[in-house]
Amino acid sequence: MYTHKSRMLAAFRGEDVDRLPYVPRLDLWYLANSVSGTLPKQHAGRAQNDIARAEGWTVYFRFADNILDPEVQKMYLHRGIGLFSTRDTLYDFVLPSDVEVKLKRTEGNIRVEYHTPVGMVSSTMYYDESSQKLGITSPMIVDHVIKAPEDYAPIGYLYEHMDIVPNFERFNRWVSEEMRDDGVAVAQGFMGASPVHQIQRDLLDPTQFYFHYTDHNAKMLELAGKMEHLFDKMLQILCASPAEVIWWGANYDDMLTYPPYFEKEITPWVRKASRQLGAVGKLVMCHTDGENEGLMDLIRDSGMHIAESICPAPMTKITLEEYYRRWSGHLTLCGGIPSTILLPQTSEADFEAYMDQLFKAVAPGKRMLVGIADQVPPDALFSRLQRIGERVEREGRLPLATGAARPATAPAASAHATAAAKPAETPADEIYAQVRLDVTKGKHKDIKAHVQALIDRGVKAEAILDQGLIFAISAVGRRMATGEAFIPEVLLAARAMTAAVEVLEPLLAVGGETQGGKVLIGTVKGDMHDIGKNLVVTLLRGVGFEVRDLGINVSREAFCDAVADFQPDVLGLSALLTTTMVEMREVIKALDARNLRGRCKIMVGGAAITEEFAAQIGADGFAPSAPETVALVKQLVAASAASQT
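Counting starts from 1 at the beginning of each chain's written sequence and moves along it residue by residue. Where totals are concerned, whole chains, interfaces and linings use all residues; where local detail is concerned, this predicted model gives features only for residues with pLDDT of at least 70, and gives and counts side-chain atom pairs only at 80 or more. Computation of side-chain values covers all heavy atoms of the structure but excludes hydrogens and water.

Help me get a handle on the confidence of the model for the protein, residues and values and all.
Confidence along the protein averages 89 in pLDDT terms, with 94% of residues attaining 70 or more. Per-residue confidence from the prediction method is given by pLDDT, with values spanning 0 to 100. Working rule for contacts: check all heavy atoms of both residues, and any pair within 4.5 Å makes them a contact. Here residues 404-428 scores under 50 on pLDDT; set against residues more than four positions off or in separate chains, the count is 40 contacts. Confidence drops under pLDDT 50 across residues 510-514; counting only partners more than four residues distant or on other chains, this segment forms two contacts.

Before we move on, can you summarise the sheet that holds strand β8 (residues 245-250) with the specific residues and values?
Paired strands are those between which DSSP finds at least two bridges. The helix and strand labels rest on DSSP assignments: H or I over at least four residues marks a helix, E over at least two residues marks a strand, and numbering proceeds from the N terminus. Within the open sheet, the six strands sit side by side as β7-β8-β9-β10-β11-β12. Their pairing is parallel. The sheet is open, and its two borders are formed by β7 (186-188) and β12 (368-373), each paired with just one other strand. On average, adjacent strands in this sheet sit at an angle of 30° to one another, irrespective of strand direction. The pairing of strand β11 (residues 332-338) with β12 spans six bridges and is classified as parallel. All axes here are fitted lines through C-alpha atoms, helices being fitted over the stretch that makes contact, and every angle between N-to-C directions spans 0 to 180 degrees.

Outline helix α18 (residues 446-456), supporting the account with residue identities and numerical values.
Summary of the burial criterion: residues with accessible area below 20% of their type's maximum are buried, those above 50% are exposed, and those between are partly exposed, where the area comes from a 1.4 Å probe applied to protein chains only. Residues I447, V451, L454 and I455 constitute the buried set of α18. The arc that holds every buried residue of α18, seen down its axis, measures 100°, which confines them to one face. Those residues of α18 that are exposed and aimed more than 90 degrees away from the buried face are A449 and D456. Those residues of α18 hidden inside the fold are in contact with α17 (433-441), α19 (461-481) and α20 (487-504). As used here, the arc is the angular range of directions from the helix axis to the C-beta atoms.

Tell me about the pairing of strand β13 (residues 518-523), residues and numbers included.
Most of β13 is tucked away: five of the six residues are buried. With four bridges joining them, β13 and strand β14 (residues 546-549) adopt parallel strand pairing. The residue of β14 that forms the bridge with L520 is R548. Bridge count for β13 against strand β15 (residues 570-574) is five bridges, and the pairing is parallel. Residue V519 lies in a different strand from β15, and its bridge partner there is V570.

Which residues make up unusual backbone geometry, and what values do they have?
A cis geometry characterises the amide bond from A313 onward to P314, with omega recorded as 15°. You can see P314 is positioned in the loop between β10 (306-310) and α13 (320-327). Residue D374 is bonded to the preceding A373 through a cis peptide linkage, with omega at 0°. Examined against the element boundaries, D374 turns out to sit in the loop between β12 and α15 (382-395). In the Ramachandran plot, S309 falls in the positive-phi region, its phi being about 65° despite a non-glycine side chain.

Can you tell me about the pattern of salt bridges, naming the residues and giving the values?
A pair is scored as a salt bridge if a Lys or Arg side-chain nitrogen falls within 4 Å of a carboxyl oxygen belonging to Asp or Glu. As enumerated under the stated definition, the model contains 44 salt bridges in all. With a shortest N-O distance of 2.9 Å, R391 and E352 are connected by a salt bridge. Linking R391 in helix α15 with E352 in helix α14 (residues 348-361), this pair joins segments that are 39 residues apart in sequence. The class of R391 is buried, set by a relative accessible area of 9%. The salt bridge partner of D620 is R597, with a shortest N-O separation of 3.0 Å. Here R597 lies in the loop between α23 (578-593) and β16 (601-605) and D620 lies in the loop between α24 (611-616) and β17 (621-622), a separation of 23 residues in the sequence.

Requested: an account of the pairing of strand β9 (residues 283-287), with residues and values cited.
On a regular strand, one side chain projects to one face of the sheet and the next to the other, so that they alternate. Among the five residues of β9, five are classified as buried, and the element is accordingly described as predominantly covered. Of the strand pairs in this sheet, β8 and β9 are connected by four bridges, and their pairing is parallel. Counted as the bridge partner of A250 is H287 from β9. For the handedness criterion, the β-α-β arrangement of β8, helix α11 (residues 259-279) and β9 is classed as right-handed. When the strands point away from the viewer and the connection leading from the first strand across the helix to the second strand turns clockwise, the crossover is called right-handed.

Help me get a handle on the sheet that holds strand β2 (residues 100-106), residues and values and all.
With antiparallel pairing, the four strands of this open sheet are ordered in space as β2-β3-β4-β5. In this open sheet, the two strands that pair with only one neighbour each are β2 and β5 (140-143). Averaged over all pairs of adjacent strands, the angle between their axes in this sheet comes to 30°, without regard to strand direction. In terms of strand pairing, strand β3 (residues 109-116) meets strand β4 (residues 119-126) through eight bridges, oriented antiparallel. The residue of β4 that forms the bridge with V112 is S123. Along the sheet, helix α6 (residues 152-160) makes contact with β3 and β4, crossing β4 at roughly 85°.

With reference to specific residues and values, describe the environment of V118.
Tracing the backbone shows V118 in the loop between β3 and β4. Contact partners of V118, with chain neighbours within four places excluded, come to A153, P154 and Y157.

Pulling in residues and values, what's your account of the side chain of S138?
Relative to the assigned elements, S138 resides in the loop between α5 (129-133) and β5. Side-chain atoms alone can form a polar contact between residues adjacent in sequence; in general such a contact is a pair of N or O atoms within 3.5 Å, and within protein one must be able to donate a hydrogen while the other accepts it. Engagement of the side chain of S138 in a polar contact is seen with the side chain of R79, the distance being 3.1 Å. Setting aside its immediate chain neighbours within four residues, S138 contacts I67, Y76, R79, F84 and Y127.

Please set out the packing of aromatic side chains residue by residue, giving values where relevant.
Pairing of aromatic rings covers Phe, Tyr and Trp, the last counted by its six-membered ring, and requires centre-to-centre distances within 6.5 Å; plane angles under 30 degrees mean stacked, over 60 mean edge-to-face, and any other angle means tilted. Under the definition given, this model contains 19 aromatic pairs. Here F171 and W174 contribute two aromatic rings whose centre-to-centre distance is 5.7 Å and whose plane-to-plane angle is 75°, an arrangement assigned as edge-to-face. Linking F171 with W174, this pair stays in helix α7 (residues 168-179), spanning three residues, or about one helical turn. You'll find F171 and W174 in the same group, each marked buried. Centroid distance F231 to W248: 6.0 Å. Interplanar angle 80°. Geometry classified as edge-to-face. On the criterion of sequence distance, the pair formed by F231 in helix α10 (residues 217-240) and W248 in strand β8 is long-range, its members being 17 residues apart. Residue F231 is classed as buried on the basis of its relative accessible area of 0%. Ring pairs connect the aromatic residues Y91, F93, F190, F231, W248 and W269, which therefore count as one cluster. Our definition puts a charge over a ring when NZ of Lys or CZ of Arg is within 6 Å of the ring centre and also within 35 degrees of the ring normal. One Lys or Arg, R436, reaches over the ring of F471 and ends 4.0 Å from the middle of that ring. The ring of F566 has K518 lying over it, and the distance from NZ or CZ to the ring centre is 4.6 Å.

Tell me about the side chain of N33, and please be specific about residues and values.
The topology assignment puts N33 in helix α2 (residues 27-36). Take N33: its relative accessible area is 8%, and that puts it in the buried class. Among the polar contacts made by the side chain of N33, one reaches the side chain of T38 at a distance of 2.7 Å. N33 has contacts with T38, L39 and P378, leaving out every residue within four places of it along the chain.

Account for the nonpolar core, with residues named and values stated.
Take the buried Ala, Val, Leu, Ile, Met, Phe, Trp, Tyr and Cys residues and link them wherever side-chain atoms come within 4.5 Å; each set so joined is a nonpolar core. Ranked by size, the top nonpolar core spans 188 residues in total, and within it I155, W248 and I388 carry the most contacts. Among the elements that line this core, the one with the most residues is α20, at 11 residues. In contact with W248, not counting residues within four places along its chain, are G189, F190, A193, F231, M234, L235, L238, W269, A273, V284, M285 and C286. If you look at the next biggest cluster of nonpolar residues, it comprises 32 residues, including A575, L591, I602 and I617.

So, in structure tokens, the structure goes:
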């Protein structure tokens, strides 16, 4: 007779079980709805885990803390340098005695300063009541600890002289009082799978990381070396701990943790962790919630035992059937239901169709746990969570019958997407070959002299911009669209182009109108993710648009004020999270209320966004990638111009 815990552990280990485990991660959903008073009536007043127990579901390993409570804030105080003291951690960090920590709190911001013998570094985190209502379960870093090359020395001192000591009591208390036998208590290692990955995740701005990885690689690797002793000691503590499953590394994605980087900087440490922990009977779980098309073989062969939070089509490119076919012989899969399937925007017919195909896609069902990827969003229809549980109970008996899966229909390729894939004709004149190469290779220092040389030869600035720079950046964008180039290459190419434009700018004609049009863009309120938005901004500027970037966590009022002031042709709204995508609708409503909606076209984008969602909220367009966004903006600007003539 299985308990939830024993069934979950057996599935993790690849053993035969009686049925598919159902493990919906409720922390984000629970926090948002408990704070807002919108929990289902039958569960009002219940704790998160008690809701799962009442429904007969497996209790999953995360939890929702009240981070506004000063006592709870202490657990997350060093979030900006990647350190936690939450109940799923089996250790405590001991900061150097000669490092002074100073705190400054202002309206949701907590600035933490580390005064070391070799200098001061600081990070700022943000968390307020609106964060709670969005279900955000960890403070968001809004100012990273590494801002310039000189910050490597003090943060390196901090890590080099830091210690880590075991603390099993906190974890054991969590297991006995909260988890019991209703689920597996997964212990947390570092959120970064390796020192370099930890630097990428928490210590640097997501976009700046790629510049530093190129420009200051020696300093970064020196810092990573000073962090290694903590990773090694943590592994020793985890090996000796009572935990049976260890969460090691999170948020892989084939653009952010692109294949060559993943293989060099992440794979060795995942293998090391899996080897050491596996030798003492423990399992390594990695949070693989991103777009994994380019990482399928690397993740499969990395040595990890469990790929958690797999998110298939229609939110990403890989179907659940393909995930299971390619991975289940090597590791256990956990997840498989995209969070958008639970939202009201997905029709009942599409929801049922997805569930129909799920049981066929993962046949015979060994090494599979059904969960929500990334997790249950605040606006999820609770009745759908219940129906998933009912269907898993009724149809999830193992082994599952085989059959051809019927993947949920992904949005058809739009006209602008098709246009983006078409190669441009190569001009016959090779005079621009060097500056094109500079852009492609990201040579931001060399390109200035090469552009000046063309100017000195009498080549017109407009021609250098159009046939040299824009031609090259467009080619890089197309390579990204086909998976041949990755985010770092695009960012470095764009930086080179920006340097070249600085030389050309005084010579370019000034006529009040931009070559491409005006674009206003920002990430909506509650969302601190910006790397996709930054990439879009970079490409749009590169092909001649005037872009005003409002940044992250932008309120609907700020969007409205900027539309009135800047008068853009296109407004771009970005959101990575299912929790914040609904804010896009509120922005559009706010524009309507102020009679600004007709002033510009509106496009939306982000990992959780679909063509259908864009249409439902009244947006004029959606693009699934940065290069396709450029094509869409051109299309929307043309449509806007036509409507005004």
